[in-house]
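# Structure at a glance
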Amino acid sequence: MKVLLIVLCALALVSPSLPASSFDNEEGHYLLTALPEADREAVRMDRMLLCDQQPAGIYLRKGETVTLDVRGLPKDFYLGAMVGFRPMWGSPQDQQEEPLEEGETRLRANQDGPLYFKFTAPEGRDDARAEVSVSVSGGHPLPLYIDGSMTADDWRAELAAHATAPFVQLLGDQVMITLPRSVHERDPVKDPRATFATINRMLDLENELAGFDGKTARDRPTRLRTHFLVDFRVSKEDAETFYMYATDQFIGMLPDNTSDLTDPAALRERWGIWHETGHTQQQNSWTWDALAEINVNLFSLYVQEAFGQPNTLRVSEDGAPSTLERARSYLAKGGHDLLAEVDDEDGEEYFIRLVMFYQLKEVWGWDLYKDLHKHFRAYPMPEDASDRDKADALVLALCELTGVDLRPFFKKWGLRVSAAADERIEALEYVQADEDFSQILE
């Protein structure tokens with residue numbers, strides 16, 4: 001099958017973050033637009049590394065050689081070819097990476113896997129939209145869907161044309177998806193446009209809560225993608241211990257839950273996947289170890305509300321107390337320490353502690369957290385900040401943003417600031433809260 005040159009720039013008027021790269025995996029011709037380098041972009045956003053790679057829609061087998069011809073590589077920009085996948089759960093195997101220069105390079109694959117490109121701008125030029133042309137001779141085309149340039153019929157034809165390919169890939173302006181062919185056959189992406197529309201809506205909502213409104217350079221949405229892929233290397237034993245996981249450069253799915261992402265109806269209901277994508281948004285500056293599985297759920301709550309689903313904290317299942325009701329008993333017992341890790345196999349205490357953040361939202365609205373994310377992008381904590389430093393910074397920031405002395409509120413929840421932070425808050429003479437927001441638990 002002959003696939004027309006697939007161009008992403010058609011959506012540029014809709015999404016200003018969209019890289020205008022083009023991909024022709026049949027003929028092996030690519031026009032790549034530079035992306036920000038993932039490590040630097042993570043520093044700017046104060047969060048986990050997103051994916052700075054772009055797919056070739058080509059698969060290589062170990063021992064095969066391909067020739068890559070590079071034309072127009074801008075000075076000081078990095079271009080590399082990658083084969084395979086980043087380390088997965090319990091597996092240290094990493095991608096093979098080959099730096100590319102102007103002209104021809106022969107690459108011999110030392111492992112099986114899809115081919116990717118990494119084309120990134122030099123420091124200080126992360127907004128640059130420089131382009132480079134790459135041609136690839138060799139390898140085997142994979143089914144590659146490009147959102148905005150292909151119909152569902154085009155996608156079915158692409159799947160049929162490369163029926164023996166071991167993986168399928170789908171690419172949008174914010175997302176890349178890589179699935180083993182066997183997984184896609186069991187849970188096919190029947191309407192990719194609808195799938196990407198729902199995924200983009202979810203990510204737009206999470207970006208919104210994270211304060212990426214584009215009003216400043218600090219707060220511009222990233223042009224990097226979230227890469228969802230199936231962890232096909234995980235052991236059966238380990239696969240029983242998680243639903244999905246977020247790590248640098250990708251979110252690892254299991255073979256039996258990919259439809260939670262790709263089925264629009266499921267994605268509008270699945271707390272777990274909102275949670276995992278929320279992990280990619282968590283700011284390092286106010287996420288200490290004991291908070292990692294708690295504040296992430298602010299993103300789930302925000303998406304849940306926007307999708308019109310019942311609020312998880314208020315739902316009562318089979319007559320059992322809701323999370324808000326259980327939080328009342330939790331607070332009455334006292335003696336909690338929010339810096340301590342939660343020993344909670346069923347996750348109940350994670351949700352109870354989430355109520356602390358929800359109470360603040362009920363008083364000041366979601367804008368409080370949008371402003372909080374902006375605050376920490378403007379004033380990030382150092383990389384070596386301790387849990388105590390981060391906790392102090394969080395309380396100080398929320399006192400500043402609300403204009404209220406929130407120490408009694410946090411103390412009730414088990415978060416006490418240091419003596420130094422106490423002095424700073426005292427000196428600023430914030431308004432004293434008249435109550436502890438306990439009425440929200442009613």
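Quick note: structure is the one above.
Throughout, residues of each chain are indexed from 1 in the direction in which the sequence is written. Whole-chain, interface and lining totals are the exception, using all residues; otherwise, since this is a predicted model, local features are given only for residues with pLDDT of at least 70 and side-chain atom pairs are given and counted only at 80 or more. Calculation of side-chain values draws on the structure's entire complement of heavy atoms; hydrogens and water are dropped beforehand.

Moving on: the pairing of strand S14 (residues 175-180). Categorising residues by exposure relies on relative accessible area from a 1.4 Å probe, with only protein chains included: less than 20% of the type maximum marks a residue as buried, more than 50% marks it as exposed, and the intermediate range marks it as partly exposed. In DSSP terms, a helix is any run of H or I states spanning at least four residues, a strand is any run of E spanning at least two, and both are numbered starting from the N terminus. Counting buried positions along S14 yields 6 of 6 residues, so the element is predominantly enclosed. Across the two faces of S14 the burial is the same, with Val175, Ile177 and Leu179 and Met176, Thr178 and Pro180 all buried. Pairing of strand S13 (residues 167-171) with S14, which is carried by 5 bridges, proceeds in the antiparallel orientation. Counted as the bridge partner of Gln169 is Thr178 from S14. A strand pair is defined by DSSP finding two or more bridges across the two strands. Turn length for the S13-S14 hairpin, with the two strands adjacent in sequence and antiparallel, is 3 residues. Direction of pairing for S14 relative to strand S15 (residues 226-230): parallel, over a ladder of 4 bridges. Bridge pairing links Ile177 to Phe228 in S15.

Let us now look at the packing of aromatic side chains. We call Phe, Tyr and Trp rings a pair once their centres come within 6.5 Å, taking the six-membered ring for Trp, and we label the pair stacked below 30 degrees between planes, edge-to-face above 60, and tilted otherwise. Taken as a whole and judged by the stated rule, the model has 24 aromatic pairs. Between Tyr145 and Trp155 the ring centres are 5.8 Å apart and the planes differ by 75 degrees, which places this aromatic pair in the edge-to-face class. Residue Tyr145 is found in strand S12 (residues 144-146), and its partner Trp155 is found in helix H2 (residues 152-161); the two are separated by 10 residues along the sequence. Exposure class is identical for Tyr145 and Trp155. Each is buried. Between the aromatic rings of Tyr330 and Trp413, the centroid separation amounts to 6.0 Å while the plane-to-plane angle is 35 degrees, which identifies the pairing as tilted. With Tyr330 in helix H10 (residues 323-333) and Trp413 in helix H14 (residues 407-413), the pair connects residues that are 83 residues apart, well separated along the chain. The class for Tyr330 is buried, based on a relative accessible area of 8%. For Trp413, a relative accessible area of 1% translates into the label buried. Counting every residue linked through ring pairs, the aromatic cluster contains Trp286, Tyr302, Phe357, Trp366 and Tyr369. A positively charged side chain is recorded as over a ring if its NZ (Lys) or CZ (Arg) lies within 6 Å of the ring centre. The angle to the ring normal must also be within 35 degrees. A cation over an aromatic ring shows up here: Arg377 above the ring of Phe212, its NZ or CZ 3.9 Å from the ring centre.

Let's shift gears to the sheet that holds S13. Ordered in space as S12-S13-S14-S15-S17-S16, the 6 strands form an open sheet in which the pairing is mixed. Edge positions in the open sheet fall to S12 and strand S16 (245-247), since each of these has one partner strand only. Adjacent strand axes in the sheet meet at a mean angle of 15 degrees, parallel and antiparallel pairs treated alike. Residue contacts are defined here by distance: any two heavy atoms, one from each residue, within 4.5 Å place the two residues in contact. In this description, a line fitted to the C-alpha atoms serves as the axis of each element, helices being fitted only across the stretch in contact, and the angle between N-to-C directions of two axes falls anywhere from 0 to 180 degrees. In this fold H2 packs onto S12 and S13, with an angle of close to 155 degrees to the strand it touches most, S13.

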